[in-house]
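# Structure assessment
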Amino acid sequence: MTPLARILSRRRTIYLVLLLVCAGLSLRPVPAVERGLDVLFAPTRALAVLVAPLRWLRMPKVHAAERDLYARAEEGRSGAVELLAAEQRAALPSPALRQGRRLVHGEVIRRSRGHLDRVEVRVADRTGLAAGMPVVTGDAYVGRVAALDREDAALVLVELVTGSDFYVGAEVFDDAARDALIGRPVIVGGLAAELPDSEHELHLAVHDPSRRGARAGRVVVRELEAYGEAYAHLADGFSLGRMETVPRKRAELTRIVPELDFKSGLFQVVVLAPDEDAGPGEEALELDTFVAASWVRVQGLTRGDITPAREGRLLSGGLVAGVSEGSAVAFGAHLVGRVGEVGWTTADLRGLGDPGLRLAALAQVDGDPVPRALGELVALGRDRDDGSLRFRWTARVELEGGGPERVGALLFTGSGEEGVPRGLVIGRAELPTTRGVHELRVVQDPEVRELDQLYVWRGHGVAEAAR
Amino acid sequence: MILRPRNAAWLIAVVWFVWVHAAQELLGRHEVFGLATPDFGMVLFVGLLGAVKKNDVFPLALLAAVSRKGFSVDPGIAILGGFLALAWLAVLLRELVELTNPLWRAVLTAAGAMGLAFWLELVRYARTGGALPHLDPLLPLAFTSALGALALGGFAIRLPGLTPLRRRQAWS
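So, how was this worked out
- One numbering rule holds for all chains: residues counted from 1, following each sequence as written.
- For naming, the first written chain is A and the first written ligand is 1, with later ones following in the order written.
- Residue-level local features of this predicted model are given only where pLDDT is at least 70; pairs of side-chain atoms are given and counted only at 80 or more, and the full residue set underlies all totals for whole chains, interfaces and linings.
- In computing side-chain properties, one takes all heavy atoms of the structure into account and sets aside hydrogens as well as water.
- We count a stretch as a helix when DSSP gives it H or I for four or more residues in a row; a strand needs E for two or more, and each element gets its number in order from the N terminus.
- We compute the radius of gyration over the C-alpha atoms and compare it with the globule rule, which gives 2.2 Å times the number of residues raised to the power 0.38.
- For every residue, the accessible area (1.4 Å probe, protein chains only) is compared with the maximum for its type, and the residue is labelled buried under 20%, exposed over 50%, or partly exposed between those bounds.
- The contact rule is simple, with two residues in contact once any of their heavy atoms fall within 4.5 Å.
- For the area figures, the Shrake-Rupley method with a 1.4 Å probe applies, and any residue is considered shielded solely by the protein chains shown.
- Each aromatic pair joins two rings of Phe, Tyr and Trp (for Trp, the six-membered one) with centres within 6.5 Å, and gets the label stacked for planes under 30 degrees apart, edge-to-face for over 60, and tilted for any other angle.
- By the criterion adopted, a ring carries a charge over it if an Arg CZ or a Lys NZ lies within 6 Å of its centre and within 35 degrees of its normal.
- Residue ranges assigned to each domain were obtained from an automatic or database domain assignment.
- Buried surface area refers to the total accessible area, computed with a probe of radius 1.4 Å, that the two partners give up upon joining, counted for both partners together.
- Between N or O atoms, a polar contact is any pair within 3.5 Å; within protein, one atom must be a potential hydrogen donor and the other a potential acceptor, and residues adjacent in sequence are included only when both atoms are from side chains.
- For patches, a residue must show more than 30% relative accessible area and have no salt bridge; joins then use 9 Å for like charges and 5 Å for nonpolar side chains, namely Val, Leu, Ile, Met, Phe, Trp and Tyr.
- The rule for a salt bridge is simple: a side-chain nitrogen of Lys or Arg has to be within 4 Å of a carboxyl oxygen of Asp or Glu.
- What a helix should span is 1.5 Å times the count of its residues minus one.
- Residues grouped as a nonpolar core are buried Ala, Val, Leu, Ile, Met, Phe, Trp, Tyr and Cys residues, joined through side-chain atoms within 4.5 Å.
- To obtain each axis, a line is fitted to C-alpha atoms, and for helices this fit is confined to the stretch in contact; angles are then taken between N-to-C directions over 0 to 180 degrees.
- The residue classification treats Ala, Val, Leu, Ile, Met, Phe, Trp, Tyr, Cys and Pro as nonpolar and Asp, Glu, Lys and Arg as charged. All others, Gly included, are polar.
- The predictor's confidence in any single residue is recorded as pLDDT, a number from 0 to 100.
- By the definition adopted for this analysis, an angle is roughly parallel if under 35 degrees, roughly antiparallel if over 145, roughly perpendicular if from 65 to 115, and oblique otherwise.

## A short note on the overall build of chain B
- Across its full length, chain B holds 6 helices and 0 strands.
- In chain B, the succession of α and β elements from N to C terminus is α-α-α-α-α-α.
- For 172 residues, the compact-globule formula gives about 16 Å, and the C-alpha radius of gyration of chain B, at 16 Å, lands near that figure.
- Expressed along its principal axes, the backbone C-alpha trace of chain B runs to roughly 50 × 40 × 30 Å.
- For chain B, the residues scored as buried account for 53% of the 172 residues in total.

Now the structure itself:
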């Protein structure tokens, strides 16, 4: 038999095909097959029980860490509650823009499936809210209520101004004419094309800008009450950002630099309703991050991951206990990681040092009472020398215009990531204040990695039902 | 019910793999070892690979993958694929090299440990993004795993309960 014939022999061919199937499914997972494989590998999750005696060796250290973090939990929680109250206050418009409007607080829960320009928002009170009502954060315009969720009475769907079929009337106020009462009219909506090497940036598109029209300046909403859009006028005066005109190939591109990170930095919003509605003037959301009923207690079955550079653990709770993929895992006020794969009785924990883990973060900059939405952080792993966490951060808005190059900050979880409640402590970091893609070094409390007893987030709905 | 010695040996092999992986995980958390923690699971796998019958290579890869999955958040299918690839490589190489030779065993263990770690990093990158995997941080792992194979690989088949898995004649 020739070597080629041997290789192509039936048994080897089957083996090779099996290998290729494994490789293909590893790199491009198919959900249905993954679920089947979960069942196949389910017994492996019980294997860690065989080595329980090894866990007992570290028990004194684990108990010390748990006691210490538990003692500091109350302090951390009250700090988070204060921070989040400040975040909600910062989401309110300035007094001049509150006139004639009822303000209803909302928290971005997640992006709608299949619609990147639509977010799901949990509001304090949905009474009197309707499609078409403007949504803002601070003095910045965000979008409009697209619909009220049919299944969840606390949710509204919000269409962002970044949507390709979204249009909003606006005025541009030239920098030279600061005192002008009427600006040049433009239509804004959707995203502008990005220049090469700046794909991480995000700018709003201006539709059919005239060559003789505005090229730069402050852009604010000015809607015409046409086509029966009863609530459009409520958005008048809210900012869309700054218009700029930049060279692009042989032409020019006029676009708007927004004040918000629409991609991942939208956490707290306010729905504007007409003042004549019966509700109170301002309705704030209650913070349910630290409601005990929102969490399920689990146990760490392993201490770490045997694959170098990964930071994972096996947890004792699974689907039966109400654990779901992507949920936050915490202890006291500290975030420990997020749930990875989930089996019936066990689940994987992906620690904050596990490369590829994604988080929405909020920063409390030293000396500044108003928290800042940082947007999404992507874990790059843990530095083996100093133990710090490395994250990639795409800053789409400046943190401190004209301030220092770097500022110290305490990082917390933000909103908009399904399964992760806001206000859990991530760690301390030095933040660059400029726009761009940065690598952050986050110092995590070392005791967070020693814990055995952990808590998995079950969702806002559970907390509301408990109340 | 009486367990046949070979079946009992497979069950004992599972226990050995689990304990070896647990010890590896424990060492990996220690500051001294870190990324240079030897892949003892791979040392045991390659050590047994050269000692078992040809027909036992596939079950051995399956067993090594299943026990490793109990200590890793990597997808089971990726771990299985990695061990199957290594077993396939060993079957191909057996006509050229003697896997019971300590040096060749060390070379295959180093390549296996580094290759598996890189493959799992690649799968992680394809699924969740983050940082692109690099080979150079895995060199200490390959080196210490090779040392581990040189020192301990020969004892793999002599571990209590595993001798019924030993082949009596050369692979055909």
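Structure shown, so let's carry the discussion forward.
## Notes on the overall build of chain A
- Secondary structure assignment for chain A yields 6 helices and 25 strands.
- Taken over 467 residues, chain A has a buried fraction of 53%.
- Here the contacts in chain A between residues at least 6 apart in sequence split such that 65% fall between residues at least 24 apart.
- Just so you have it, chain A exposes about 21,800 Å², and 54% of that area is on carbon and sulfur atoms.

## So, the packing of aromatic side chains
Residues and elements named next belong to chain A.
- Under the counting rule described, the total for this entry stands at 5 aromatic pairs over all chains.
- Their ring planes at 45° and their centres at 6.2 Å tell us that Phe-331 and Tyr-455 sit as a pair that is tilted. Residue Phe-331 is found in strand E16 (residues 328-331), and its partner Tyr-455 is found in strand E25 (residues 453-457); the two are separated by 124 residues along the sequence.
- Given the relative accessible area of 5%, Phe-331 is considered buried.
- The ring of Phe-166 is capped by Arg-144, whose NZ or CZ atom sits 4.3 Å from the centre of that ring.

## Overview of the domain arrangement of chain A
All names here are of chain A.
- Looking at chain A, the domain boundaries give domain 1 (33-90 + 287-467) and domain 2 (101-279).
- Placing the centre of domain 1 and that of domain 2 at their C-alpha centroids yields a distance of 32 Å.
- Opposite the 25 residues of domain 1 that make contact, domain 2 presents 23 residues.
- Of the roughly 1,900 Å² buried between domain 1 and domain 2, counting both surfaces, carbon and sulfur atoms make up 51%.
- Applying the counting criterion to the domain 1 and domain 2 interface returns 7 residue pairs in polar contact (both at pLDDT 80 or more).
- For the side of domain 1 that touches domain 2, the secondary-structure elements that each account for two or more residues are helix H5 (59-90), strand E19 (358-365), strand E20 (372-382), strand E24 (436-443) and helix H6 (460-466).

## Focus: a nonpolar patch on the surface
All names here are of chain A.
- A cluster of nonpolar side chains, Val-39, Leu-319, Val-320 and Trp-344, forms an exposed patch at the surface whose accessible area comes to about 460 Å².
- When you line up the elements, Val-320 lands in the loop between strand E15 (312-315) and E16.
- Here Val-320 falls in the exposed class, since its relative accessible area comes to 67%.

## Things to note about helix H5 (residues 102-128) of chain B
- The first and last C-alpha atoms of H5 of chain B sit 38 Å apart over 27 residues, in line with the 39 Å expected at 1.5 Å per residue.
- Put simply, Asn-101 of chain B is the residue that caps the front of H5 of chain B, since its side-chain oxygen is 2.8 Å from the backbone nitrogen of Leu-103 of chain B.

## A short note on the nonpolar core
- Core analysis: the biggest nonpolar cluster contains 58 residues, and Phe-17, Met-42, Phe-45, Leu-48, Leu-60, Phe-83 and Leu-165 of chain B have the highest contact counts within it.
- Those elements that place two or more of their residues in this core are helix H2 (10-27) and helix H3 (31-41) of chain A together with helix H1 (5-28), helix H2 (40-49), helix H3 (57-69), helix H4 (76-93), H5 and helix H6 (139-152) of chain B.
- Look past the residues within four positions of Leu-48 of chain B in its chain and what remains in contact with it is Phe-17, Leu-60, Ala-156, Ile-157 and Leu-162 of chain B.
- In terms of nonpolar packing, the next biggest core, distinct from the first, is built from 46 residues, Val-142, Leu-160, Phe-262 and Ala-273 of chain A among them.

## Regarding the environment of Leu-319 of chain A
Residue and element names in this part refer to chain A.
- Residue position: Leu-319 is located in the loop between E15 and E16.
- On the accessibility criterion, Leu-319 (42% relative accessible area) is partly exposed.
- Separated by 54 residues in sequence, Leu-319 and Gly-265 have C-alpha atoms that sit 30 Å apart.
- Apart from the residues lying within four places of it in its own chain, the contact partners of Leu-319 are Val-342, Gly-343 and Trp-344.

## Some details on the interface of chain B and chain A
- The partner chain A presents 51 residues to the 53 residues of chain B that form the contact.
- Across the chain B to chain A interface the summed buried area is about 4,500 Å²; carbon plus sulfur atoms make up 66%.
- When the buried surface of chain B facing chain A is broken down by residue, Arg-29, Val-73 and Ile-77 of chain B rank first, second and third, together holding 17% of it.
- For the pair chain B and chain A, the interface holds 3 salt bridges.
- The partner of Asp-74 of chain B in a salt bridge is Arg-310 of chain A, and the shortest N-O contact between them spans 2.7 Å.

## Section: the packing of H1 of chain B against H2 of chain B
Residue and element names in this part refer to chain B.
- Where H1 meets H2, the closest approach of the two axes is 8 Å, and the angle between their N-to-C directions is 150°. Contacts between H1 and H2 involve Trp-16, Phe-17, Val-20, His-21, Gln-24 and Leu-27 on the former and, on the latter, Phe-40, Gly-41, Leu-44, Phe-45 and Leu-48.
- Taken together, the residues that form the contact of H1 with H2 break down as 8 nonpolar, 3 polar and no charged.

## Focus: H6 of chain B
Residues and elements named next belong to chain B.
- With 14 residues, H6 should cover 20 Å at 1.5 Å per step; its first-to-last C-alpha distance of 20 Å lies within 8% of that length.
- Buried residues of H6: Leu-141, Ala-142, Thr-144, Ser-145, Ala-146, Gly-148 and Ala-149, and no others.
- Among the structural elements, H2 and H5 are those in contact with the buried residues of H6.

## Things to note about the confidence of the model for chain B
- Residues with a pLDDT of 70 or more make up 97% of chain B, whose mean pLDDT is 87.
- Confidence metrics for the complex model read pTM 0.82 and ipTM 0.84.

## Focus: the packing of H2 of chain A against H5 of chain B
- Contact geometry for H2 of chain A and H5 of chain B: axes closest at 8 Å, N-to-C directions at 45°. When the interaxial angle is binned, H2 of chain A and H5 of chain B end up oblique. Of H5 of chain B, the residues touching H2 of chain A (which contributes Ala-23, Leu-25, Ser-26 and Leu-27 of chain A) are Trp-119, Leu-122, Val-123, Ala-126 and Arg-127 of chain B.
- Of the residues contributing to the contact of H2 of chain A with H5 of chain B, the split by class is 7 nonpolar, 1 polar and 1 charged.

## A look at the side chain of Lys-69 of chain B
- Summarising the element assignment, Lys-69 of chain B is placed in helix H3.
- Non-local contacts of Lys-69 of chain B, meaning those with residues more than four positions away in its chain, are made with Phe-41, Thr-44, Glu-341 and Asp-348 of chain A together with Asp-74, Pro-75, Gly-76 and Ile-79 of chain B.

## Focus on the pattern of salt bridges
Residues and elements named next belong to chain A.
- In total, this model carries 29 salt bridges over all chains according to the counting rule given.
- The closest approach of N and O atoms between Arg-122 and Glu-107, which form a salt bridge, is 3.1 Å. Residue Arg-122 is located in strand E2 (residues 115-123), and its partner Glu-107 is located in strand E1 (residues 101-112); the two are separated by 15 residues in the primary sequence. There is no split in this pair, since Arg-122 and Glu-107 are both buried.
- Ionic pairing is found between Arg-372 and Asp-368, a salt bridge with its closest N-O pair at 2.8 Å.
- In this structure Asp-368 comes out as buried when scored by relative accessible area, which is 17%.

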